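# Structural overview for review
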Amino acid sequence: MGLETLANFIDGAFCPPVGGAYFETDDPFTAEAWGLIPRSGAEDVDRAVAAARRAFREGAWPAMTPGQRGAALHRIAEAIAENAEELARIEVRDNGKTYKEMLAQVKRIPDWYRFFGGLADKITGAVLPSDKPGHMNYLTREPLGVIAMVTPWNSPLMLLAWKLAPALAAGNTAVVKPSEFTSASALRFAELVAATGLPSGVLNVVTGLGSEAGAALVGHRDVAKVAFTGGVGGGCSVYSAAAVGLKPVSLELGGKSPNIVFEDADLEMAARGVVAGIFGSGGQSCVAGSRLLVQRGIHDRLVARIVELTGKIRLGDPMSPDTDIGPVATRPQFERIMTCIGWAKEDGAAVATGGSQVPDPSGGRALFVAPTIFTGVRNDMRIAQEEVFGPVLCVIPFDDEAEAVAIANDTRFGLGAGLWTRDVARVHRVAARLEAGTVWVNTYKITSHLSPFGGYKASGLGREGGMEMIGGYLQTKSVWLNLTDEVAYGFPL
Ligand code: NAD
């Protein structure tokens, strides 16, 4: 069967890459290529940024009232809701996550566009008290311009929404560079958005490799801000490139999140939360609870129960409603997971379950890794310090609260942390001391468009979500008016 050829979406139309280069994209479950993705370069990026810049400065978009912009975001929300099944299927074909997970995720995305659409006409300025007689000073809040949005493969449309919804609500325009592994959903999304009547050039999608299209976009002189989600390595490169151009950035990066279980916790609840926290999405989640910190007195009981629950996880066809974990999304990711498993074994951790590749249960060539639990892990081992981004949990015992907090914080990351206890005072003590952007208590992995999300330390810069975050896509202008007939504060000052 021939491969489908995809095209960039620039200025309201699909167009082939200027250089005519493409790369293949695979379905992780069939392990076969299904499409050709434009391998865009600097010229494609230039065209997209120029279109976004024009749309920012001229035509229908800047002429809209904030209320009309908000209505445009509501139409985008409706388009996603109406096409949720199709968009979820596209995501599954590209990243191999289960259809039930991706459908649930896509169905939540409209919330972001509705919420930020609702804020579009609530962006206000201020009139300040003036210390200059006869003069008035007021503030307006203005959009920044063209926003570069660079996204990863694990939750492509969701993580795009976290950037695009506030950016558009504030009046910016966007050029999106999706992951090279999951380009199709952003392109189909752009087409659906265009059909809602969003003016051409407001949303552009340029596909390609991070080191090519991604780097060209982030370094482009007409990009006003970079919003990036991805790994620490990519994040560092993006931060450096943005610094050269003096561009503000938001970075949503990786994690090595601790899930801390105290002896007084409801053990059954904790066991289920720990298993879902690491093995949901096959561990391919930035907030995966990849370190289980367990108080020594309940160590063996809790480990036995999570091993038992892990044994019930069903691997298989991501489209099947019976499947809990689909295949690993990409071969490089599979190799990364196997390398990390190798480190754990070399460093002396014990395999409680898993620890190896498993054959594709459907008899195909898809890459599956057994949900893996290592015990006897010390926090200074590589498996406890490096993000795996796969189904690998390491179990680290602790004696008391102080030690739990010390181990939890002893990592360069600081994205999420889970806490399982029935002691209310302990909840507040420990939550306050954890170096993490989000702390979950007796639950795990809950996020909302109403609540800011982001990382401490190497897990990122800035937050996404919540009312204030629209401020990340605005700048403040101070306007002084002389209300007299004299230039009292002119030159010399
Ligand atoms: P990645 O860093 O390899 O790629 C992310 C995106 O950045 C891709 O579009 C890629 O092409 C692009 N890119 C890479 N290098 C670039 C460069 N130098 N210049 C410009 N663009 C560049 O990440 P990934 O493998 O796609 O995703 C997995 C990572 O993302 C994990 O570390 C995970 O924890 C993280 N993540 C974080 C969050 C969060 O909200 N904190 C959410 C999801 C994933």
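Residue numbers run consecutively from 1 along every chain, following the written order of its sequence. It should be noted that, the model being predicted, local features are given only for residues of pLDDT at least 70 and side-chain atom pairs only at 80 or more, the latter also being counted only at that level, while totals for whole chains, interfaces and linings use all residues. Working from all heavy atoms in the structure, the side-chain values ignore hydrogens and water.

### A short note on the sheet that holds strand β7 (residues 135-143)
- Reading across the sheet, the three strands line up as β6-β7-β23 and stay open at both edges, with antiparallel pairing between neighbours. Strands at the two margins of the open sheet, each flanked by one partner only, are β6 (126-128) and β23 (474-482). Neighbour to neighbour, the strand axes of the sheet diverge by 25° on average, direction disregarded.
- Each pair of strands is called paired provided DSSP finds at least two bridges between the two strands. A run of DSSP states H or I qualifies as a helix once it reaches four residues; a run of E qualifies as a strand once it reaches two. Both are numbered from the N-terminal end. Where β6 meets β7, three bridges bridge the pair, whose relative direction is antiparallel. Axis angles are defined between N-to-C directions and span 0 to 180 degrees, where every axis is a line fitted to C-alpha atoms and, for a helix, only to the segment in contact.

### Looking at the side chain of Lys256
- Relative to the assigned elements, Lys256 resides in the loop between β12 (249-252) and β13 (258-261).
- The side chain of Lys256 sits in the buried core without any salt bridge; Glu387 is the nearest counter-charge, 8.1 Å away.
- Within the structure, the side chain of Lys256 is placed 2.9 Å from the backbone oxygen of Ile383, a separation counted as a polar contact.
- The criterion used for residue contact is that any of the two residues' heavy atoms lie within 4.5 Å. The contact partners of Lys256, leaving out residues within four places of it in the chain, are Ser290, Arg291, Ile383, Ala384, Gln385, Glu386, Glu387, Val388, Thr411 and Phe413. Partly exposed residues are those whose accessible area sits between 20% and 50% of the maximum for their type, while under 20% is buried and over 50% is exposed, using a 1.4 Å probe and protein chains only. We treat Lys and Arg as the positive residues and Asp and Glu as the negative residues; His and chain ends play no part in the count. Definition used for salt bridges: Asp or Glu carboxyl oxygen within 4 Å of a side-chain nitrogen of Lys or Arg. A 3.5 Å cut-off defines polar contacts: any pair of N or O atoms within that distance qualifies, except that in protein one atom must be a possible hydrogen donor and the other a possible acceptor, and neighbouring residues in sequence count only when both atoms are side-chain atoms.

### Notes on the site of the ligand
- If a single non-hydrogen atom of a residue is within 4 Å of a molecule or strand, that residue counts as near it. For the ligand, the set of nearby residues contains 29 residues, the closest of which are Thr151, Lys177, Glu180, Leu253 and Glu387.
- At a separation of 3.5 Å, an oxygen atom of the ligand approaches a polar backbone atom of Ser179.
- In this structure, Gly231 approaches the ligand through a main-chain N or O atom, which is 2.8 Å from an oxygen atom.
- We get accessible surface area from the Shrake-Rupley algorithm with a probe of 1.4 Å; when it comes to residues, only the shown protein chains can shield them. Taken by itself the ligand offers 840 Å² of open surface, and the protein chains cover 87% of this.

### Considerations on the UniProt feature "active site" (unreviewed entry) in the protein chain
- UniProt positions are given in the numbering used here, feature names are shortened, and annotations may be inferred rather than shown by experiment. Mapped onto this numbering, the UniProt entry annotates "active site" (unreviewed entry) at Glu252.
- You can call Glu252 buried: its relative accessible area is 4%.

### With respect to the state of the cysteines
- By convention in this document, the label disulfide applies to cysteine sulfur atom pairs within 2.5 Å. Taken as a whole and judged by the stated rule, the model has zero disulfides.
- Cys286 takes part in no disulfide bond, and the closest cysteine sulfur, belonging to Cys236, lies 17 Å away.
- Take Cys286: its relative accessible area is 24%, and that puts it in the partly exposed class.

### Thoughts on the packing of helix α1 (residues 42-57) against helix α8 (residues 210-218)
- Running from N to C, α1 and α8 point in directions that differ by 40°, and their axes come no closer than 9 Å. On the basis of the axis angle, α1 is oblique to α8. Here the hand of the crossing between α1 and α8 comes out right-handed. Where α1 approaches α8, its residues Ala42, Val45 and Val49 are matched on the opposing element by Ala213, Ala216 and Leu217. Convention used here: angles under 35 degrees read as roughly parallel, angles over 145 as roughly antiparallel, angles from 65 to 115 as roughly perpendicular, and any remaining angle as oblique. Two helices cross in a left-handed way if the nearer one is turned anticlockwise from the farther one by less than a right angle. They cross in a right-handed way if the turn is clockwise.

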